[in-house]
Amino acid sequence: MFTLVVIQVLNATICLLLIESALSRPAAFVLKQAKGIQQTHRHQIKPVGKQLSKLNSRFCSLRNMASLNINAIAEDETRVYDVLAKSLERYNIDGTENEFIIDTIEQSSLLIQRLGSEALSHTTSNETEEYDVATDDGARDLSSSLRSLSLLSLSTSRHLQSLIYQINNPRSKKTSGNAWRTLQSVVNSSLDIKNADVESTAIALSILSLGIAISTTDTDVGNAQQKMIASAIFPNSPSHIFERETCKVETGSKQERLIKSVARDTLLQLLGTVVEENGSIDCIARIETAFGVGGEQDKELCSAVANLVKDIFGSGCYYFDSQNNDDEDEFFGTELDINKDKASPTLALVAQCRPWEFIKTDKLVRIAAADLDLWYSAELVCDASVASVTSNTNTEKNLMATNYPKLKASDKISTQSIDSSLRQDTIAHLATRALIDTALDLRLYRRADLFASKFYAFGGPERFAEARFLHACETITKVVKRKQPQIIEKQIARIDECVARVSEDLNLSGVDEHKIGIGEVPIETMPQYIRDFALRRLRTSNMSAAASRLANLWGMNYEEDPVVLAEEEKRRQLTYVQWNDEGSPGNIAGKSQPLPDLISNAVDLAEEFKLLLQLGETVGFDAEWGEDSGVAVLQLSTVSHSILLDIPALSSNDEGCRALQATVGQLFAGLTGARYVIGFGCKEDIKRLRDSPCSRSVHWFPHNNCAARDLRPLIAEASPSLGGKGGQHLGLSRMTESFLGKQLDKAEQCSDWCQRPLSTEQREYAALDAWACAAIHAKIAKLIGERYKV
């Protein structure tokens, strides 16, 4: 009995070792070893006892794994062969280039074989490559040569994966670095694209066939390994292939035509099957980068990329889909379920191939930035759109605002001035404005400032001024909190320079700067406003010495005399909406009402919410954010009553979460008596409400079918002169001035909303922000009529 057990254990152990090494072996070796496993299994000794029965079951599953692996290898080899064969057939329709193609294939096979052998030499396996490049009896057959190249490419890609796996196991930063350096060394010694004295066509076909082999591998397995191998193999520019000193390819030559034709047709085939076969989009994007065969003139390739965009991002970004949903439905309905690992290389393909006439580029940019946090990729798409409009042939890589060093001023990234000869609705204008507006909506003011500076010629002076101003306000608030008032001077100087440039450009464009319907503060008043803002911040923080010094520097009077302060406050009251202004929630029928307190318990929430719904059918809302992803304060208001909710406090316990679900959750689900729930540029507010903490398993905020609507498209429809497309770049302060007669004071927008208790100024600002949404909606409904109601 003991002997039978030992024999059975040995048999199963040998099989396990053979199968586990299969993934790093050539396809022919895997087939040969697997057949041996199956023959051994036919003559094995019948197991005895429970332990042997379990062992036999494990062995059978391993045998099935071997069979699946064999089939997978055969399928992958066929895919590589089919893609290459179809691409070469399209290039060589009449067969006159057979000899040239076979020579190129054989040279490529030698290069790939050398790479595979080099990879094997760095692994613990003693295995050697078993393939011969030449065919039997010296025959030169295109099909058999191509079959050999396909099998070598697939085998070598698996050797490289095995190399990374062995070095990178267990995975850590150190082992990952070692794996990358070893991989680079292996590839450079075998495929030295820059210096190798080998025909460029052979090198190009080598990396192309390896790319096909890598891209056909299921991305659910070894995705990181795929990216690492692709990064090592593919050059970052076509010049590395076509303009090598050792073997330069002449433009229009037979070699260049072969390389570009095969690369283009390969891209088309891979794009057509990548989603269905779960292939590597990243690898396809790198193929395009290496060969540079895409372009907006190639309509077939552009259409293929657009179809990929439709598959990855949804039909809303595709022009020719009759079932497109309205933007607002997507903003507030079910959140998009997009694979970020697939979205990033898809955006790279869009930037490279530029399928502008097939896709909604502005919407694609907004989704990439706002929903996926792929700012770099979104910026690449904007760069490509600008290059298309300006016919920029400069191959130098653009300075990327997304990765711009924090300690550098955004002035260094600024681009050329406005070209008045360009139409204002080009693809570059739409894409760059969407990028800047998205950053503003998310209150990423430094990033918005960088984008608006870089794309000044297309985003326009208004966006540039707004982004620069809000960035300055945010910076001043932070430096005052850190007791660093010396930085304020630089921010003031940047605003002065901004206003000077914008005013000049707007005058040249024939635009009255006093009538700009964008931003929170009129451009002509920005220099004075930012100085007043800085002095108020310093006074609030008891930094009177710094305030006095800056006031003297700016030629302003800084007094702590109560009379002077009262006069200053009176001027502010005439400019900005006040809590106790007539028609505001603090002044009902001439009776003064106190500012709302911050609600932090379930009982107060239930009482105040009931009163809120009794006093109006339209509820305006706004949200203030903290450092984390959630909401710090939620403001709800009708035209006559406002409440402020402490979301972190309420959501920290079950009772508070139940109260939030019964009130806020029901309101945004459309299940209360409120007819309209109105926000302003509120997509990110909705997202952050969904991301706010919740102590219960079921979140208090509705995940789908949110009843909230954005006020901006309604304003743009009712008063087209106030805003552009969809009202995407309107400011609530300026809209309040247009509809209600006064601006909103946005000084507290950049304050610390996580601090408790909130200041009086913060509570007034928060309540009026939500009230303005309800009041503007009511004004539009009254002036225009029922058809403009949401």
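The rules behind the values
Residues numbered from 1 in each chain as written. Predicted model: local features only at pLDDT ≥ 70, side-chain atom pairs only at ≥ 80, totals over all residues. Heavy atoms only, no water. Helix = DSSP H or I, 4+ residues; strand = E, 2+ residues; numbered from the N terminus. Buried < 20%, exposed > 50% of the residue type's maximum accessible area, 1.4 Å probe, protein only. Contact = heavy atoms within 4.5 Å. Areas by Shrake-Rupley, 256 points an atom, 1.4 Å probe, with all protein chains shown as cover. Core = buried A, V, L, I, M, F, W, Y, C linked by side-chain atoms within 4.5 Å. Disulfide = S-S within 2.5 Å. Salt bridge = Lys/Arg side-chain N within 4 Å of Asp/Glu carboxyl O. Expected span 1.5 Å × (residues − 1). Phe/Tyr/Trp six-rings, centres within 6.5 Å; stacked < 30°, edge-to-face > 60°. Lys NZ or Arg CZ within 6 Å of the ring centre and 35° of its normal. pLDDT = per-residue confidence, 0-100. Pairing = 2+ DSSP bridges.

*Asks:* Explain the overall build of the protein chain to me, please; I cannot follow it from the model alone.
*Replies:* Along the backbone of the protein chain there are 31 helices and eight strands. Going through the 790 residues of the protein chain one by one, you find that 54% of them count as buried. Counting contacts in the protein chain only where the partners sit at least 6 residues apart, residues at least 24 apart contribute 74% of the total. Accessible surface for the protein chain amounts to roughly 35,500 Å². Of this, 49% is attributable to carbon and sulfur atoms.

*Asks:* What am I meant to see in the nonpolar core here?
*Replies:* As a rule of thumb, nonpolar side chains are buried together in soluble globular proteins. In this structure, Leu183, Phe291, Phe313, Leu435, Phe469, Ile488 and Ile530 are the most contacted members of the largest nonpolar core, which totals 152 residues. Among all residues touching isoleucine 488, those that are not within four sequence positions of it are Ile476, Val479, Val480, Ala534, Leu538, Leu550 and Trp554. Ranked by size, the runner-up nonpolar core spans 31 residues in total, among them Ala623, Ala659, Cys682 and Leu689.

*Asks:* Even after reading the chapter, I still don't get the state of the cysteines, so can you show me in this structure?
*Replies:* By definition, a disulfide links the sulfur atoms of two cysteine residues through a covalent bond. Scanning the model with the defined rule gives zero disulfides in all. Of the cysteine sulfurs around cysteine 773, a residue in no disulfide, the closest is that of cysteine 682, at 7.7 Å.

*Asks:* Sorry, what's going on with the pattern of salt bridges here?
*Replies:* A side chain with one charge may pair with a side chain of the opposite charge, provided their charged atoms come close. On inspection of all chains with the given rule, the structure shows 32 salt bridges. One salt bridge in this structure joins arginine 549 and glutamate 489, with 2.9 Å as the shortest N-O distance. With arginine 549 in helix α23 (residues 544-553) and glutamate 489 in helix α21 (residues 488-508), this residue pair connects regions lying 60 residues apart in the sequence. The salt bridge partner of lysine 742 is aspartate 581, with a shortest N-O separation of 3.1 Å.

*Asks:* I tried to follow helix α17 (residues 427-441) on my own but got confused; where do I start?
*Replies:* For an α-helix, 3.6 residues make a turn, and residues three or four places apart therefore share a direction. Between the first and last C-alpha of α17 there are 21 Å, a value that for 15 residues agrees with the 21 Å anticipated at 1.5 Å per step. In terms of burial, α17 is a largely internal element, 13 of the 15 residues being buried. Looking one or two residues beyond α17, the residue adopting positive phi is arginine 443, at roughly 60 degrees.

*Asks:* Teacher, can you tell me more about unusual backbone geometry here?
*Replies:* A negative phi angle characterises most non-glycine residues, just as the trans form characterises most peptide bonds. A cis amide bond, omega 0 degrees, links arginine 756 with the succeeding residue proline 757. You can see proline 757 is positioned in the loop between α30 (732-740) and α31 (760-784). Even without a glycine there, the phi angle at asparagine 278 is positive, about 55 degrees. Tracing the backbone through its elements, the reader meets asparagine 278 in the loop between α10 (254-273) and α11 (281-291). With relative accessibility at 14%, the residue asparagine 278 sits in the buried group. Although it is not a glycine, lysine 483 sits at a positive phi angle of roughly 60 degrees. Topologically, lysine 483 is positioned in the loop between α20 (461-481) and α21.

*Asks:* Would you mind showing me how to read the packing of aromatic side chains here?
*Replies:* Describing an aromatic ring pair means giving the distance of the ring centres and the angle of the ring planes. Applying the stated criterion to the full structure yields eight aromatic pairs. Look at tyrosine 456 and phenylalanine 464: their rings are 5.1 Å apart centre to centre, the planes differ by 90 degrees, and that puts the pair in the edge-to-face class. Exposure remark for phenylalanine 464: the relative accessible area of 3% places this residue in the buried category. Ring geometry for tryptophan 700 versus phenylalanine 701: centroids 6.0 Å apart, planes at 85 degrees, classification edge-to-face. For tryptophan 700, a relative accessible area of 2% translates into the label buried. Geometry around phenylalanine 100 places lysine 254 over its ring, the cationic atom sitting 4.5 Å from the centre.

*Asks:* Sorry if this is basic, but what is going on with the confidence of the model for the protein chain here?
*Replies:* Regions with low pLDDT carry predicted coordinates that are not meant to be interpreted in detail. Confidence in the prediction of the protein chain, expressed as mean pLDDT, is 80, and 75% of residues score 70 or more. Contacts of residues 16-68 to residues separated by more than four positions or lying in other chains number 65 contacts, the stretch itself having pLDDT below 50. Here residues 131-137 scores under 50 on pLDDT; set against residues more than four positions off or in separate chains, the count is 16 contacts.

*Asks:* Is there a simple way to think about the pairing of strand β6 (residues 642-646) in this case?
*Replies:* Consecutive side chains along a regular strand alternate between the two faces of the sheet. For β6, the buried fraction is high: five of the five residues fall into the buried class. Side-chain alternation along β6 places Ser642, Leu644 and Asp646 on one buried face and Ile643 and Leu645 on a second face that is also buried. In terms of strand pairing, strand β5 (residues 631-637) meets β6 through five bridges, oriented antiparallel. When the sheet's bridge partners are listed, valine 633 is paired in β6 with aspartate 646.

*Asks:* Is there a simple way to explain the pairing of strand β4 (residues 618-625) in this structure?
*Replies:* By the criterion of burial, β4 is predominantly enclosed, with eight of the eight residues buried. On β4, burial covers both faces: Thr618, Gly620, Asp622 and Glu624 on one face and Val619, Phe621, Ala623 and Trp625 on the other are all buried. When β4 meets strand β7 (residues 676-679), the two strands line up parallel, connected through three bridges. Residue pairing across strands places threonine 618 opposite tyrosine 676, the latter belonging to β7. Across six bridges, the pairing between β4 and β5 is antiparallel. Following the sheet pairing, alanine 623 is matched in β5 by leucine 634. Between β4 and β5, which pair antiparallel in sequence order, lie five residues.

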